[in-house]
Amino acid sequence: MAQDTDLAALSRGDKGAWDAFVRRYAGLVMSAVRAVARDGVDVEDLVQEVFVRLCKDEFRLLKTYDPSRAGLSTWLTIVARSTARDVLRRRQLPVTPIEAVPEAQLATAPVQTERLRLPEGLLSPRQKLVLSMLYDRDMEVAEIATALGVDPQTVRSTHHKAMLKLRTHFATEENKP
Amino acid sequence: MAGPVDRTAEAALWRRWRSAAAGQMPEPAEPDALTLAAWAEDRLSEADAGGVEEWLAGHPEFWPDLAAARQAAQAPYMPGTEKAIAQASALIAGGGEVLPFRRPAAARPRSWRVAVAWAGMAASLVVTSLVGFNLGMDTYNGIVASAPAAGVQDLLDPPVGLFNGLEEDATI
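Rules used in this analysis
Residues numbered from 1 in each chain as written. Chains lettered and ligands numbered in written order. Predicted model: local features only at pLDDT ≥ 70, side-chain atom pairs only at ≥ 80, totals over all residues. Core = buried A, V, L, I, M, F, W, Y, C linked by C-beta atoms within 7 Å. Buried ≥ 20, exposed ≤ 12 C-beta atoms within 10 Å, placed from the backbone. Helix = DSSP H or I, 4+ residues; strand = E, 2+ residues; numbered from the N terminus. Contact = placed C-beta atoms within 7 Å. Axes fitted to C-alpha atoms, helices over the stretch in contact; angles between N-to-C directions. Parallel < 35°, antiparallel > 145°, perpendicular 65-115°, else oblique. Left-handed = near helix turned anticlockwise from the far one by under 90°. Nonpolar A, V, L, I, M, F, W, Y, C, P; charged D, E, K, R; others polar.

So what exactly am I meant to see when it comes to the nonpolar core here?
One broad rule of soluble globular proteins: the nonpolar side chains tend to lie buried together. Within the largest apolar cluster, 68 residues are counted, with the highest numbers of intra-cluster contacts made by Ala26, Val29, Val33, Val47, Val50 and Trp75 of chain A together with Ala37 of chain B. Considering each element in turn, this core owes the most residues, 11 residues, to helix 2 (residues 15-36) of chain A. With sequence-adjacent residues up to four places away left out, Ala26 of chain A is seen in contact with Val47 of chain A together with Gly80, Ala84, Ile85 and Ala88 of chain B.

Help me understand the packing of helix 3 (residues 43-63) of chain A against helix 5 (residues 82-89) of chain B in this model?
Relative to each other, helix 3 of chain A and helix 5 of chain B sit at 30 degrees, their axes nearing to 9 Å. One element, helix 3 of chain A, and the other, helix 5 of chain B, form an angle in the roughly parallel class. As for the relative orientation of helix 3 of chain A and helix 5 of chain B, their crossing is right-handed in sense. Between helix 3 of chain A and helix 5 of chain B, the contacting residues are Glu44, Val47, Gln48 and Phe51 of chain A on the first element and Lys83, Ala84, Gln87 and Ala88 of chain B on the second. Class assignment of the residues belonging to the contact of helix 3 of chain A with helix 5 of chain B gives a composition of 4 nonpolar, 2 polar and 2 charged.

Got a minute to help me understand helix 4 (residues 63-72) of chain B in this structure?
Note on helix geometry: an α-helix contains 3.6 residues per turn, so any two residues three or four positions apart are oriented the same way. Counted residue by residue, helix 4 of chain B has 7 buried out of 10 residues, so it is predominantly covered. Of all the positions in helix 4 of chain B, only Trp63, Asp65, Leu66, Ala68, Ala69, Arg70 and Ala72 of chain B are classed as buried.

Is there a simple way to explain the interface of chain B and chain A in this structure?
A common way to report how large an interface is uses the accessible area buried once the components associate. The interface is formed by 55 residues belonging to chain B together with 63 residues belonging to chain A. Breaking the side of chain B that touches chain A down by element, the ones donating at least two residues are helix 1 (4-21), helix 2 (33-40), helix 3 (46-57), helix 4 and helix 5 of chain B. At 10 residues, the largest contribution of residues to the side of chain B that touches chain A is made by helix 1 of chain B. Of the residues assigned to the side of chain B that touches chain A, the class counts are 34 nonpolar, 9 polar and 12 charged.

Structure follows, in structure tokens:
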């Protein structure tokens, strides 16, 4: 992984280090962008865009990588997918067909202005994330568990606690004179 | 988890909270790729992870990225294609300078709209030419078919006898 890659030499623009880095990670970048691309898109073109971004401005992006914070494969996958999405958006090519988007996301919510003061920290960030995945994206518990890297039971438990807080809070608000 | 009816009620409760919360809480800053990677590997502190999750709740397009990133760390090595490797390697010259990337013309995807536009122009030229030719023919035939006035006939055909006296046996 990162230990096999001479990051210092890479950031200096060493040709040998760069070639070794490309040979080692081109496959990973290709897998990452292929998942974002759709039919008719040149995957190798997107791969090239990712490597261009990495070495642009004297390897500015590559120099931000810190192996003590995260693995190189993990970081590269995020960079690759984000770059591919940006490129496709610029080309205005469809990334996700509309049929694949959950209806909840397409529907426009009615304008409701609720003058409600919510206590800070009513829901934890993790609880908000789980509820958003469940109800905004129509994801299943198993999908959420995979996305968050936790057990499905943890997702259910997080959901349950969050709903309890919301019911209690809104019941309290409604009972106020 | 809840049945369908309960789920609808719970979804409504969530959206009610979200609607009320909008504007009350500041928009969390977008974490950089390294922070997201650290979150995917569970290497952030609880406070930092909370900040990332707060932001992720409003940016669902990044959720699949993080699931893929988490799997990438455990995935076996996969080689890239020779073309992809050659293209990327060529970005750095022997001296370490970064070469500007020029997408090969053949690889540039030609827009179908351009092809359609050119075909449309060519087709309109052909149609205009044909229509013009046919109109001209119709006009000529119409004039010839009717009894032309002497003046009109002269315009259409050369005068009779114009070339008289030009035969070889004309008297000199």
